[in-house]
Amino acid sequence: MFAFLRRSDLIFCPAYAPALSHGASIRDESFRGFSHTMAYNVAGWPAAVVCCGESAEGLPIAVQVVAAPWREDIALAAAAALERNFGGWKARRLSKTESPGGSHDTT
């Protein structure tokens, strides 16, 4: 990983591909999707996750920005630029049949 960053300042990877619905990240079958981010998280490298859009299903499309150790300033500056350009996180509008917790109202 250090060898790669000798030629680059940042690594961009999907935060989770494809995005999961609420509560699905704890399922065993979801573990594989974290492979893009896990190495950097375990290594303790500075990283930030930024929402850059939504899928057709309304799930977030996010990017993890990773910098070399002790370069939080670079990771945060890149994350801020992505957030400015893509609009960042936006609250999801709930339909009349959904409760704020995401489950459908059966009443």
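Further up the page is the structure itself.
If you're wondering where the values come from, they're calculated on a predicted model, not measured in any experiment.

Enquirer: Requested: an account of the overall build of the protein chain, with residues and values cited.
Expert: Summing up its helical and strand segments, the protein chain has three helices and three strands in all. Going from N to C terminus, the protein chain has its helices and strands arranged as α-β-α-β-β-α. The buried share of the protein chain, taken over its 107 residues, is 27%. Expressed as a percentage of contacts within the protein chain between residues at least 6 apart in sequence, the contacts between residues at least 24 apart total 51%. Element-wise, carbon and sulfur atoms account for 58% of the exposed surface of the protein chain, whose accessible area totals about 7800 Å².

Enquirer: Provide a residue-level description of the sheet that holds strand β1 (residues 10-14), including the pertinent values.
Expert: Strand order across the open sheet formed by three strands is β1-β3-β2, with antiparallel pairing between neighbours. Edge positions in the open sheet fall to β1 and β2 (47-54), since each of these has one partner strand only. The mean angle between the axes of side-by-side strands here comes to 25 degrees, regardless of whether they run parallel or antiparallel. Sheet topology places β1 next to strand β3 (residues 60-67); five bridges connect them, and they run antiparallel. The residue of β3 that forms the bridge with Cys13 is Gln64. Lying over the sheet, helix α3 (residues 72-86) contacts β1, β2 and β3, oriented at roughly 10 degrees with respect to β2.

Enquirer: An account of the environment of Thr37 is needed here, citing residue identities and associated values.
Expert: Of note, Thr37 is situated in helix α2 (residues 35-43). Separated by 26 residues in sequence, Thr37 and Val63 have C-alpha atoms that sit 9.7 Å apart. Thr37 has contacts with Cys13, Pro14, Ala15 and Gln64, leaving out every residue within four places of it along the chain.

Enquirer: Could you give an account of the nonpolar core, naming the residues involved and the relevant values?
Expert: Judged by nonpolar contacts, Leu10, Ala48, Val50, Cys52, Val63, Val65, Ala67, Ala75, Ala78, Ala79 and Leu82 together constitute the single largest core of eleven residues. Within the residue set of this core, elements represented by two or more residues are β2, β3 and α3. In terms of residue count, α3 provides more of this core than any other element does, four residues in total. Each residue touching Ala79, except ones within four places of it in the same chain, is listed here: Ala48 and Val50. Among the nonpolar cores identified, the runner-up in size contains six residues, and Ile11, Tyr40, Trp45 and Val66 belong to it.

Enquirer: Pulling in residues and values, what's your account of unusual backbone geometry?
Expert: Within the chain, Trp70 stands out as a residue other than glycine whose phi angle is a positive 70 degrees. A relative accessible area of 76% places Trp70 in the exposed class.

Enquirer: Before we move on, can you summarise α3 with the specific residues and values?
Expert: With 15 residues, α3 ought to run about 21 Å at 1.5 Å a step, and its terminal C-alpha atoms sit 21 Å apart, in line with that. Listed as buried for α3 are Ala75, Ala78, Ala79 and Leu82. All buried residues of α3 project into a common sector of 100 degrees when viewed along the axis, lining one side. The exposed residues of α3 that point more than 90 degrees off its buried face are Leu76 and Arg84. Looking at the buried residues of α3, the elements they touch are β1, β2 and β3. Trailing α3 by a residue or two, Gly87 shows a phi angle of about 90 degrees, which is positive.

Thresholds applied
- Residues numbered from 1 in each chain as written.
- Predicted model: local features only at pLDDT ≥ 70, side-chain atom pairs only at ≥ 80, totals over all residues.
- Heavy atoms only, no water.
- Helix = DSSP H or I, 4+ residues; strand = E, 2+ residues; numbered from the N terminus.
- Buried < 20%, exposed > 50% of the residue type's maximum accessible area, 1.4 Å probe, protein only.
- Contact = heavy atoms within 4.5 Å.
- Areas by Shrake-Rupley, 256 points an atom, 1.4 Å probe, with all protein chains shown as cover.
- Pairing = 2+ DSSP bridges.
- Axes fitted to C-alpha atoms, helices over the stretch in contact; angles between N-to-C directions.
- Core = buried A, V, L, I, M, F, W, Y, C linked by side-chain atoms within 4.5 Å.
- Expected span 1.5 Å × (residues − 1).
- Arc of directions from axis to C-beta.

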